[in-house]
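If you want the building blocks of each chain, they are given just below.
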Amino acid sequence: MSVAILIPWALLALVLAFGWWLQRRYERGLRVHQQAERTLKVTEGTLRRMSQAIESASDAIGIGDMEGTSLYHNRAHIGLFGYSVDELNAVPGGGVLFADPLVAHALHAAIRAGHSWAGETPVRTRDGRVVPCFVRADIIRDEMNQAVGIFGVFTDITERQRAKREIEEERQRLHVTLQSIGEAVITTDAAGRVILLNATAERFTGWTQERATGKPLSEVVCLLDETTHERRESAVTHLLADRKQARTTETALLVGPGGEERLIAESAALIVTADHRRAGAVLAMRDIARERSKAEDTTRATKLESLGMMAGSIAHDFGNLLVAIAGNLDLVRIDDSLSEFVRARIEDADRAVWRARDVTQQLTSFAKGGATRKKVVAVSNLLHEGVGFAVQNTPVTAIFDLPPDLWPVEADESQLVQVFNNLAVNAVQAMGAGGTLRVVAENFAADADTQSPLQGERHIMITVTDTGSGIAPENLSKIFDPFFTTKKTGSGFGLATCYSVVKRHGGHIRAESTVGRGTTFQIVLPAAETAAPPAQESEEPKAAGRILVMDDDEAGRQSIGAMLEFMEFEMVEAADGAEAMEKYAAAQARGRPFDAALFDLRVKEGLGGVEVVRRLRTLDPAFRAIAISAYPEEAAMSDCRAHGFGAALVKPFKMAQLEAALRSVLAGRTAE
């Protein structure tokens, strides 16, 4: 084939190849274009969504260049500050958005140094409001990592700060409440380590918050079993270990910083998180010593009330019998012809009568309270009388520490003497072979911190301490109970009487004892507001006269009549109130009025002495009467003058006591 023929075919092939190449180039370019269009659309959509997101954001967002010129504000930015981009750029000076110029300076300095800046700071709006915000400023960089602008975000934290303030205020309230309550409160973590103690817990345990934080609860709180005195764990320990328990309350003895023991009720509760995890526990300890004492007082008072009913049923009849016995013994003893043997037997019988009266009065005293004839008295003399008599002719030495300025008390002298005598008798018996009985009295001014169950500020405190055998711990809480005694020949009346008398006088009595070392009784009594009156001189007896005696017991009337006859008085007797008023009216009508009268306050039937005297004194205001009763706790016995009587005698009474009472009323010392 010639060259001429080949050339056209070569050119055609070249043209076809070039056309194919062009076709491929076109198709490739078309695909690139289509991809670019798609990428552009995606980019535009992304930018549009980003713009919408920024525009819709609740935080204020602003964009500016590196020179500080604003380029963009979203709606929240304009809503917060009130400036459009142009309006903000028109304001002279930089940092106009910040209330503190130093913050604007620090932010721009950080940006120029190539760093972000973040912090809480107040911002200032166009209308002058100051709004707390969290601000974050970041650098905008191009593809060459060059800083080209500033992206700022402002978050209004007004509500956050308000909530924070409320939380802090609530925390402060809880802290103040926790520190001011009377219970000791300790919180721990889940491992039982101490996190917090309130002021009461610090006082109870002797640990400060600083020292206790992080320590195991068992190291800070030392608890003893109330019965065995053995060391035991807190309820918190068991609570944290037992996932089934939610709360527990127990009693125990808490050992204080000085080794003293405090009776407490401990209450433990778990601290649980929202997802039901145990975060720790709270231990609350309440001093229940006074509460326990009040409960024991209530129980004891119930027992005394029951015994009061029994005492009331026997005191009247028994007292009447003793009046007859004592009066007749007094009269028989006057006979000078009696042999020494008979006289000795009479003395024995007389002592038995007065012991019987003491038992009756003691039973009535602790059952009914025993506060009878109250008046302002000096306690020092009563202590010497009650204690001195008990230690007389014994190997016990009594030491008195009584200040001369001791405040007086308003009390019944005989009842307080009985209290002091009972305590001293117990002490003498406890010291057997001898020892020392120390009696101390002092003025006692109560304050807010004083653990005293008494009302008022002025008291006197009497402490009676012996060096005897002591009282076993298991018996100490029972010693004031009626009929409780550890003595083979004891009645169980003595300390029960002391308790009742002191309580009725508005006071408080308690005991502390150590076996083998001795016992201390402490009595606190309210002080009187006035001074004790000086002792009155005795009056000379008045001549004998006519006496009206009203008593429903015939033997008692006869005994009193015999004593009056011996004292050369004429007696007219009456069995009840109606008969007494009848005989009084008859005597007045005959012109032979009675010089005085003895009226029993309680009779089985009819009017008692108080009502009879009230009626007679309306007829004769100068009428003179003496109250007699086997019940020393009667109101007319404790304040006889207020009920129309000039004197009062507790059955049984001796002839000398009757004579003294008659001497008093006949001398003119009657109720006004």
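The shown structure was predicted, so the numbers you read here are calculated from the model rather than taken from an experiment.

Points about the sheet that holds strand 14 (residues 396-401)
Consideration 1: Strands sit in the order 14-16-17-19-18 across an open sheet of five strands; the sheet is mixed. Edge positions in the open sheet fall to strand 14 and strand 18 (508-514), since each of these has one partner strand only. Averaged over all adjacent pairs, the angle separating strand axes in this sheet is 15 degrees, with direction ignored.
Consideration 2: As judged from the eight bridges shared by strand 16 (residues 435-445) and strand 17 (residues 458-465), these two strands associate in the antiparallel manner. Across the sheet, residue Ala 441 finds its bridge partner in strand 17, namely Ile 462.

Some thoughts on the environment of Val 135
Consideration 1: Along the chain, the position of Val 135 falls in strand 4 (residues 130-141).
Consideration 2: By relative accessible area, Val 135 is classed as buried at 1%.
Consideration 3: A sequence separation of 22 residues divides Val 135 from Ile 157, and the C-alpha atoms of the two residues are 10.0 Å apart.
Consideration 4: Once residues lying within four places of it in the same chain are set aside, the contact partners of Val 135 are Phe 98, Leu 107, Trp 117, Ala 118, Gly 119, Thr 121, Val 123, Val 153 and Phe 154.

What to know about the sheet that holds strand 20 (residues 546-550)
Consideration 1: Ordered by their spatial adjacency, five strands build an open sheet running 21-20-22-23-24, and the pairing between neighbours is parallel. Each of the sheet's edge strands pairs with one partner strand only, and the pair in question is strand 21 (570-574) and strand 24 (647-650). Each neighbouring strand pair of the sheet contributes to a mean axis angle of 20 degrees, computed without reference to strand direction.
Consideration 2: Inspection of the sheet shows strand 22 (residues 596-600) paired to strand 23 (residues 625-629) by four bridges, in the parallel sense. Paired with Asp 600 across the strands is Ile 628, a residue of strand 23.

Overview of the pattern of salt bridges
Consideration 1: Across all of its chains, the model carries 23 salt bridges by this definition.
Consideration 2: A salt bridge links Asp 127 to Arg 129; its shortest N-O distance comes to 3.2 Å.
Consideration 3: For Asp 127, a relative accessible area of 56% corresponds to the exposed category.
Consideration 4: Among the residues examined, Arg 129 registers a relative accessible area of 41% and is labelled partly exposed.

Digging into a positive patch on the surface
Consideration 1: A surface patch of positive charge is lined by Arg 24, Arg 25, Arg 28 and Arg 31.
Consideration 2: Note that Arg 31 resides in helix 1 (residues 3-56).

With respect to the nonpolar core
Consideration 1: Phe 420, Leu 437, Ile 462 and Ile 523 are the most contacted members of the largest nonpolar core, which totals 40 residues.
Consideration 2: Those elements giving two or more residues to this core turn out to be helix 12 (379-391), strand 15 (409-412), helix 13 (413-431), strand 16, strand 17, helix 15 (494-504), strand 18 and strand 19 (518-526).
Consideration 3: Contact partners of Ile 462, with chain neighbours within four places excluded, come to Val 379, Leu 383, Phe 420, Val 440, Ala 441, Phe 521, Gln 522, Ile 523 and Leu 525.

Side note on the packing of aromatic side chains
Consideration 1: The full count for this structure, using the stated rule, is six aromatic pairs.
Consideration 2: When the centroid spacing of 5.1 Å and the interplanar angle of 80 degrees are considered together, the rings of Phe 81 and Phe 154 count as edge-to-face. In this pair, Phe 81 is assigned in helix 2 (residues 75-81) and Phe 154 in strand 5 (residues 147-156), connecting sequence segments 73 residues apart. Assigned by exposure class, Phe 81 and Phe 154 land together as buried.

The rules behind each value
- Residues numbered from 1 in each chain as written.
- Predicted model: local features only at pLDDT ≥ 70, side-chain atom pairs only at ≥ 80, totals over all residues.
- Heavy atoms only, no water.
- Pairing = 2+ DSSP bridges.
- Helix = DSSP H or I, 4+ residues; strand = E, 2+ residues; numbered from the N terminus.
- Axes fitted to C-alpha atoms, helices over the stretch in contact; angles between N-to-C directions.
- Buried < 20%, exposed > 50% of the residue type's maximum accessible area, 1.4 Å probe, protein only.
- Contact = heavy atoms within 4.5 Å.
- Salt bridge = Lys/Arg side-chain N within 4 Å of Asp/Glu carboxyl O.
- Patch = residues over 30% accessible without salt bridge, like charges linked within 9 Å, V, L, I, M, F, W, Y side chains within 5 Å.
- Areas by Shrake-Rupley, 256 points an atom, 1.4 Å probe, with all protein chains shown as cover.
- Lys, Arg positive; Asp, Glu negative; His and termini not counted.
- Charge placed at Lys NZ, Arg CZ, Asp CG, Glu CD.
- Core = buried A, V, L, I, M, F, W, Y, C linked by side-chain atoms within 4.5 Å.
- Phe/Tyr/Trp six-rings, centres within 6.5 Å; stacked < 30°, edge-to-face > 60°.

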